[in-house]
Amino acid sequence: MKTLMKEKKPMILAHFHGDEIPLISLVSRYKIATMTSTSKDGEMMNTVLLLLGAKTSRGSATRGAVTALKGLLKYCKDGSNCSMAVDGPKGPIYEVKPGVFEIARLAKAPIYAGGISCDRAWHFPRSWNKAYLPKPFAQLNILWLPFNFTIDKNTDPRSPELANSLKNQLFDARSQSAKLT
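Residues numbered from 1 in each chain as written. Predicted model: local features only at pLDDT ≥ 70, side-chain atom pairs only at ≥ 80, totals over all residues. Heavy atoms only, no water.

Enquirer: Please explain the overall build of the protein as it appears in this structure.
Expert: A count of helices and strands for the protein gives seven helices and eight strands. Computed over the C-alpha atoms, the radius of gyration of the protein is 15 Å, within 12% of the 16 Å expected from 2.2 N^0.38 for a compact globule of 181 residues. With respect to the principal axes defined by its C-alpha atoms, the protein has extents near 45 × 35 × 35 Å. Burial statistics for the protein: of 181 residues in total, 47% are counted as buried. Nonlocal contacts in the protein, meaning residues at least 24 apart in sequence, comprise 65% of its contacts between residues at least 6 apart. Accessible surface, the protein: about 10,000 Å² in total, of which carbon and sulfur atoms supply 56%. Counting 26 positive and 14 negative side-chain charges, the protein places the centres of these two groups 5 Å from one another. (Helix = DSSP H or I, 4+ residues; strand = E, 2+ residues; numbered from the N terminus. Rg over C-alpha atoms; globule rule 2.2 N^0.38 Å. Buried < 20%, exposed > 50% of the residue type's maximum accessible area, 1.4 Å probe, protein only. Contact = heavy atoms within 4.5 Å. Areas by Shrake-Rupley, 256 points an atom, 1.4 Å probe, with all protein chains shown as cover. Lys, Arg positive; Asp, Glu negative; His and termini not counted. Charge placed at Lys NZ, Arg CZ, Asp CG, Glu CD.)

Enquirer: Mind showing me how you'd approach the pattern of salt bridges here?
Expert: A side chain of one charge can pair with a side chain of the opposite charge if their charged atoms are brought near each other. The full count for this structure, using the stated rule, is seven salt bridges. Arg-58 is paired through a salt bridge with Glu-43; the nearest N and O atoms lie 2.9 Å apart. You can see Arg-58 sitting in strand β3 (residues 55-58) and its partner Glu-43 sitting in helix α4 (residues 40-51), a full 15 residues away along the chain. (Salt bridge = Lys/Arg side-chain N within 4 Å of Asp/Glu carboxyl O.)

Enquirer: Can you walk me through the nonpolar core in this structure?
Expert: Grouped together as the largest cluster of nonpolar side chains are 26 residues, with contacts concentrated most on Ile-12, Val-86, Val-96, Val-100, Phe-101, Ile-111 and Leu-166. Of all elements in the fold, only β1 (12-15), α5 (65-77), β4 (81-85), α6 (99-107), β5 (111-118) and α7 (160-178) reach the threshold of two or more residues within this core. Per-element tally for this core: the top contributor is α6, with five residues. Sequence-distant contacts of Val-86, defined by excluding residues within four places in its chain, comprise Ala-14, His-15, Phe-16, Glu-95, Val-96, Lys-97, Val-100, Leu-166 and Leu-170. (Core = buried A, V, L, I, M, F, W, Y, C linked by side-chain atoms within 4.5 Å.)

Enquirer: Honestly, the pairing of β5 in this entry has me stumped. Any pointers?
Expert: Two faces make up the sheet, and in a regular strand the side chains alternate between them. With seven of eight residues buried, β5 is to be regarded as a mostly interior element. The pairing of β1 with β5 spans three bridges and is parallel. Looking at the pairing, Ile-12 lines up with Ile-111 of β5. Across seven bridges, β5 lies against strand β8 (residues 140-146) in antiparallel orientation. By the bridge assignment, Ala-113 is partnered in β8 with Leu-145. (Pairing = 2+ DSSP bridges.)

Enquirer: Explanation requested: α4 in the structure shown.
Expert: Given 3.6 residues per helical turn, the α-helix brings residues three or four places apart onto the same face. End to end, α4 covers 17 Å across twelve residues, agreeing with the expected 16 Å (1.5 Å per residue, within 8%). Every buried residue of α4 is listed here: Gly-42, Met-45, Asn-46 and Leu-49. The buried residues of α4 occupy an angular sector of 105° when the element is viewed end-on, so they sit on one face. Away from its buried face, by an angle of more than 90 degrees, α4 presents the exposed residues Lys-40, Met-44 and Leu-51. Where α4 is buried, its residues touch α2 (20-23), α3 (27-30), β2 (32-36) and β3. The first or second residue beyond α4 is Gly-53, which carries a positive phi of 100°. (Expected span 1.5 Å × (residues − 1). Arc of directions from axis to C-beta.)

Enquirer: What is the right way to look at the sheet that holds β8 in this model?
Expert: Whether parallel or antiparallel, the strands of a sheet pair through hydrogen bonds between backbone atoms. Taken in spatial order, the six strands make up an open sheet running β3-β2-β4-β1-β5-β8, and their pairing is mixed. The outermost strands of the open sheet, each flanked by one partner alone, are β3 and β8. If you compare each strand with its neighbour and ignore which way they point, the axes differ by 25° on average. (Axes fitted to C-alpha atoms, helices over the stretch in contact; angles between N-to-C directions.)

Enquirer: Could you clarify how one ought to interpret unusual backbone geometry in this entry?
Expert: With glycine set apart, most residues show a phi of negative sign, and most peptide bonds adopt trans. Despite not being glycine, Lys-108 has its phi angle at roughly 55°, a positive value. Inspection of the secondary structure assignment puts Lys-108 in the loop between α6 and β5. Lys-108 sits in the exposed class, given a relative accessible area of 76%. Positive phi, close to 60°, is recorded for Lys-130, a residue that is not glycine. Secondary-structure assignment places Lys-130 in the loop between β6 (121-123) and β7 (132-134). Taking relative accessible area as the criterion, Lys-130 reaches 52% and is therefore assigned exposed.

Okay, here's the thing in structure tokens:
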């Protein structure tokens, strides 16, 4: 991952939707481009991300998905790293959607599975994605594991095996990040 960053080659940073808020701190360090929803919540997130230096492409699986993916692909090809909530925008929670594989295939960029752990946070129990906000001075551990599948032009982005493998790797990264405390 460090080598790709030094060489300024794009990568796809995959994570679960509920981990978005803690990952905001990585926007400038990782030169992030991401998709944000066209909803009111998405507008707030979009504003914060833009203020922090991220590039955003607006849309979701229910509104403007193709346009948003095309925008994200353009940013990735221009050298930004893609951050993708793989189970959004409305779930089901922890179910990986094909968009992450499509972007990786078209951008010819490797995927890294993100695991995030936080020792103190405010949790939002009514949110579908189990979102949380780290408390001040909380210890955040973020671990990126290289995805164990190669995505190429012959890869089927809708492959259940591929989705299940990334899902398992995301849970593994989360488990390993929790052990870093």
